[in-house]
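Residue strings, one per chain:
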Amino acid sequence: MFKFKLTVIVSLVLILIAGCFYATSLAVEPIKIGLVSPKSGNYADHGGMERVGMYLAVEDFGGEVLGRPIELIEADSETNPDIASRRAKALIETENVMFLMGGVSSSVGIAVGAVCEAAGALFIASNENSDTITGSDAMKHMFRVPPNMAILVRGAAQYVADNLGKKWYFITHDYSWGQSGTRWARNMLDVVGAKEIGEVLIPMNTRDFSSYLLQVANSGAEVACVTVGGFDGIALYKQMSEFGIFDKMKVWWTLADYPDSYALQPEQRGRYGMMEIYWTATPELIEFSKRINEKNPNAPVHVTETNSYSGWLGMTALLKGIEAAGTTDVDAVIKAMEGMIICDNMQPNPTYIRPWDHQFIDSMFFGVDNQESGDDITEVLFSMPCKDFARTFSENPVDLTK
Amino acid sequence: MDMNVSLVLALFFNGIVLGLIYAVVAVGFSLVLGVAQVINFSHGLLFAFGAYFFWSISNTAGFWIALFLSPILVAIMGLLIELLLVRRVYGQDPLFGLLITFGFALAMEEVIRMIWGKVARSVSTPAFAQGQLFIGDIIYSKYRIILAIVSLFILLLVWWVITRTSFGAIIKAGMFDSEMISALGHNLPLLRTGIFVIGAFLAGLAGVIAAPLWSIKSGMGTDILMPAFIIALIGGLGSIKGTIVAGLLVGTVTSLAVLFIPRFTDILPYLMLIVVLFYKPKGLFGEVTVLGEVRGE
């Protein structure tokens, strides 16, 4: 009898201890966030910078939210939509990740967004600019951080027509994002009194642009309107200098990324372009640049630029959303993020997350690259709030409930 | 489409320039495949290392030292690759050589990223080659014209060595019957090592001359490998004349195609390969087929 009672007591104690461990493990279970970001392919350097920003945002939150540690799980999108969507699916199904961010390439963003939509996970498109992401491809489970091409092009077009020239030749990266930039520039032709002279379509992973540039140089255009990015953009920018394009016409990059200019030698630069952020715009951005260097002395660039900033802002918005929702339930987090205003965003204007298309709205900067050494490589000509150029609901009647 | 004659001529000329550059990349690949009978998919990697060495050395020691040293460093890399990897697959199924060199190249691409980072690098053209020249109404890069002349010189030098020297005679004989070379008292392993090192040197040299043209990025070796492979096959294994002709053909067709069918320029070299091999399995000037060569048939 005594042995029986002892057995029961010991069993109960063991069950109690096991239960305590189980409860403890639940309490410290981390919140997993998948970073489907390029480590290879055309946008590898952009991916490296956006991840730096994402990690710094987690650091700003103290590494935890809702009392739970934040765990970032990286997956290389390889700048390939098929590979990225497979890796996103694996994160969701095998690692139980319900929050994902990254992409850079708009095609990748759309593919990963679709996977998340189907799985009920949440995706933050941290550096995708194609207008379709918050337009025809908009999804309830996808948010987009940087300004879309409609905003960037509409913001610059009048200045370009008034100051650079009215005969435009389009150089288009032949995929979703590139086509989006050219489409919006075409939409603005009549509005600003400009004229299309011609267009060349550049396939992804083009290494030599000489044949295209011969056409551009021979066109009689006053402005080359360029929507080409990543390593292809760097090569194109460099070869434009080689072929003396900057002496023949002005070059307007619809989205000018700092790392692309930084990769060139000073004497090779000369383009105009709209930027999502410039590192000297506020003291907070200058300070953020120091943090980037302290955190990652081997970072590809040493200042705050589009990719690191958008990575930081996207992660910050997500963590604030989880905190505001008080839960990791995806629908509740989406609701918390819709209409959110982020004032401590280091920018001249606060960030507003529009509820009807999930587009982040803040500021943008138009500048021209100089030929200085060092990090201050662009002269900012003007900045403007994105809200003045963002599409309205009547222009872009997105239905996120479908 | 607004086509004028001077633009077409300019694109044709540009195609010749591009073709000569591609031929310099391809000739080393073709020699290694023809003589050592190895499909060396690390050839693109060596091209990339040439560009990266050039970037690093030119930033510290200047253009001319970088130009001299970079291909030599790549040749040393080629020697190590041959001694440690490729030598083990001589005489075996050609897939072994392809797989081992391809796997090595993928791994080394990651090493490039670790050493030089993920960001693209840029090299200025030397001061004497900067600027543009006018060819009729068309503005053209001075550096590319110089590059075309240098490329032609390199190709002619290689052709002269292969066709006019006793060393070249041994190389050509080795393409047909490597065992006979041994039987005649020549050191076949040394010959194969020598050819591999020469191929690596040429790849590194091509990387050096291409560095000021194209952005230097970790994947640039993979980008150039397929054009080199296609040109080597179209021209015919081990045929310098074939490599030059094939390079010019691919360069001019893809350059002109930008004017008419820009979305399909990438697939044109592959279509050309299919057509050529359909009618001439040994390539335009080759004397053995690819698989026949590496299987010793």
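Thresholds applied
Sequence order as written defines residue numbering, which begins from 1 separately in each chain. Written order decides the labels, with chains lettered from A and ligands numbered from 1. Under the rules for a predicted model, residues below a pLDDT of 70 receive no local features and side-chain atom pairs below 80 are neither given nor counted, while totals for whole chains, interfaces and linings still include all residues. Under the scheme used here, helices are H or I runs from DSSP no shorter than 4 residues and strands are E runs no shorter than 2 residues, and both carry numbers assigned from the N terminus. Whether a residue is buried, exposed or partly exposed follows from its count of other C-beta atoms within 10 Å of its own C-beta, namely 20 or more, 12 or fewer, or something in between, respectively; the C-beta atoms are built from the backbone. The contact rule is simple: place each C-beta atom from the backbone, and if two of them lie within 7 Å, those residues are in contact. Two strands pair under a simple rule: DSSP has to find at least two bridges between them. A fitted line through C-alpha atoms represents every axis, and for helices the fit uses only the stretch in contact; the resulting angles, taken between N-to-C directions, go from 0 to 180 degrees. Oblique is the label for any angle not under 35 degrees, not over 145, and not in the 65 to 115 range, which are roughly parallel, roughly antiparallel and roughly perpendicular in turn. In a left-handed crossing the near helix is turned counterclockwise from the far helix by less than a right angle, and in a right-handed crossing that turn is clockwise. Domain ranges listed in this record stem from an automatic or a database domain assignment. To count as a nonpolar core, a set of buried Ala, Val, Leu, Ile, Met, Phe, Trp, Tyr and Cys residues must be joined through C-beta atoms within 7 Å. For every residue, the predictor assigns a confidence score, pLDDT, that lies between 0 and 100.

## Thoughts on the overall build of chain A
For chain A, the count of helices and strands is 14 helices and 16 strands. For chain A, the spread of C-alpha atoms along the three principal axes comes to 105 × 45 × 35 Å. With 402 residues in all, chain A has 56% of them scored as buried.

## Things to note about the overall build of chain B
Helices and strands together make up the secondary structure of chain B, namely 12 helices and two strands. Along its sequence from the N terminus, chain B presents helices and strands in the succession α-α-α-α-β-β-α-α-α-α-α-α-α-α. Projected onto the principal axes, the alpha-carbon positions of chain B cover approximately 60 × 50 × 35 Å. For chain B, the residues scored as buried account for 51% of the 297 residues in total. Intrachain contacts of chain B at a sequence separation of at least 6 include 76% that bridge at least 24 residues.

## Focus on the sheet that holds strand S14 (residues 360–361) of chain A
Residues and elements named next belong to chain A. In space, the three strands of this open sheet follow the order S12-S13-S14, with antiparallel pairing throughout. Only two strands of the sheet have a single partner each, and these edge strands are strand S12 (341–342) and S14. Sheet topology note: the strand S13 (residues 351–353)/S14 ladder contains two bridges and is antiparallel. Bridge pairing in S14 places isoleucine 353 opposite phenylalanine 360.

## Quick word on the packing of helix H5 (residues 149–163) of chain A against helix H6 (residues 176–187) of chain A
Residues and elements named next belong to chain A. Packing of H5 against H6 brings their axes to within 9 Å, and their N-to-C directions diverge by 40°. On the basis of the axis angle, H5 is oblique to H6. For the pair H5 and H6, the sense of crossing is right-handed. Across the interface between the two elements, Met149, Ala150, Val153, Arg154 and Ala157 from H5 touch Ser180, Gly181, Trp184 and Ala185 from H6.

## What to know about unusual backbone geometry
Residues and elements named next belong to chain A. Look at leucine 66: it is not a glycine, yet its phi comes out positive at around 55°. Inspection of the secondary structure puts leucine 66 in the loop between strand S2 (64–65) and strand S3 (68–76). Residue glutamate 78 is not a glycine yet carries a positive backbone phi of 55°. Summarising the element assignment, glutamate 78 is placed in the loop between S3 and helix H3 (81–95).

## Section: the interface of chain B and chain A
Contacts between the two partners involve 31 residues from chain B, matched on the other side by 34 residues from chain A. Within the residue set of the side of chain B that touches chain A, elements represented by two or more residues are helix H1 (5–36), strand S2 (138–141) and helix H10 (240–260) of chain B. It is H1 of chain B that contributes the most residues to the side of chain B that touches chain A, five residues altogether.

## Some words on the pairing of strand S10 (residues 250–253) of chain A
Residues and elements named next belong to chain A. Relative to S10, strand S9 (residues 223–227) runs parallel, the two being bridged by four bridges. Among the inter-strand pairings, alanine 224 is bridged to a residue of S10, identified as valine 251. Here S10 pairs with strand S11 (residues 272–275) via two bridges, running parallel. Looking across to S11, one finds that tryptophan 252 is bridged to tyrosine 272.

## Focus: the domain arrangement of chain A
The parts lose accessible area when they come together, and the size of an interface is often stated as this lost area. All names here are of chain A. Once the domains are mapped, chain A shows domain 1 (31–147 + 281–363) and domain 2 (150–275). Relative to domain 2, the C-alpha centre of domain 1 lies at a distance of 27 Å. Taken together, the contact between domain 1 and domain 2 spans 17 residues of the former and 19 residues of the latter. Of all the elements in the fold, those that place two or more residues in the side of domain 1 that touches domain 2 are helix H2 (44–60) and helix H4 (106–119).

## Some points on the nonpolar core
With 217 residues, the main nonpolar core has Leu100 and Ala224 of chain A together with Ala51 of chain B as its most contacted residues. For this core, the element with the most residues is H1 of chain B, which contributes 18 residues. When residues are assigned to domains, this core turns out to be shared by domain 1 (31–147 + 281–363) and domain 2 (150–275) of chain A, each giving three or more. Discounting chain neighbours no more than four positions away, the residues touching leucine 100 of chain A are Gly34, Val36, Ala88, Leu91, Val112, Cys116, Ala121 and Phe123 of chain A.

## Considering the sheet that holds S11 of chain A
Residues and elements named next belong to chain A. Spatial ordering of the open sheet is given by S8-S7-S9-S10-S11-S15-S16, a layout of seven strands whose pairing is mixed. With partners counted over all chains shown, the strands left at the sheet margins are strand S8 (195–202) and strand S16 (378–385), one partner each. Sheet twist, expressed as the average angle between the axes of neighbouring strands with direction ignored, equals 20°. By the bridge criterion, seven bridges tie strand S7 (residues 167–173) to S8 in an arrangement that is parallel. In the strand pairing of S8, histidine 173 is matched with isoleucine 202. Packed on one face of the sheet, H6 meets S7, S8 and S9 and runs near 160° to S7.

## So, the confidence of the model for chain B
Residues and elements named next belong to chain B. Summarising the model, chain B shows a mean pLDDT of 86, and 94% of its residues fall at 70 or more. In the predicted structure, residues 293–297 sits below a pLDDT of 50 and forms seven contacts with residues beyond four places in sequence or in another chain. We note a pTM of 0.84 for the whole complex and an ipTM of 0.83 for its interfaces.

## Here's the deal with the environment of alanine 235 of chain A
Inspection of the secondary structure assignment puts alanine 235 of chain A in helix H9 (residues 230–242). Once the C-alpha coordinates of alanine 235 of chain A and aspartate 260 of chain A are considered, the two residues, 25 residues apart in sequence, prove to be 8.9 Å apart.

## Side note on the packing of helix H9 (residues 220–235) of chain B against H10 of chain B
All names here are of chain B. Contact geometry for H9 and H10: axes closest at 8 Å, N-to-C directions at 120°. In terms of orientation, H9 and H10 fall into the oblique class. Two packed elements cross with a definite hand, and for H9 against H10 that hand is right-handed. For the pair H9 and H10, the contacting residues are Pro227, Ile230, Ile231, Ala232, Ile234 and Gly235 in the first and Gly242, Thr243, Val245, Ala246, Gly247, Leu249 and Val250 in the second.

## Let's talk about the environment of leucine 80 of chain B
Assignment of secondary structure puts leucine 80 of chain B in helix H3 (residues 63–84). Here the alpha-carbon distance between leucine 80 of chain B and threonine 193 of chain B, two residues 113 residues apart in the chain, equals 9.7 Å.

## What about the pairing of strand S1 (residues 31–37) of chain A?
Residues and elements named next belong to chain A. Most of S1 sits inside the fold, with six of its seven residues counted as buried. One ladder, built from seven bridges, connects S1 with S3; its direction is parallel. Paired with leucine 35 across the two strands is glutamate 74, which belongs to S3. Here four bridges tie S1 to strand S4 (residues 99–102), and the two strands are oriented parallel to one another. In the strand pairing of S4, isoleucine 33 is matched with phenylalanine 99.

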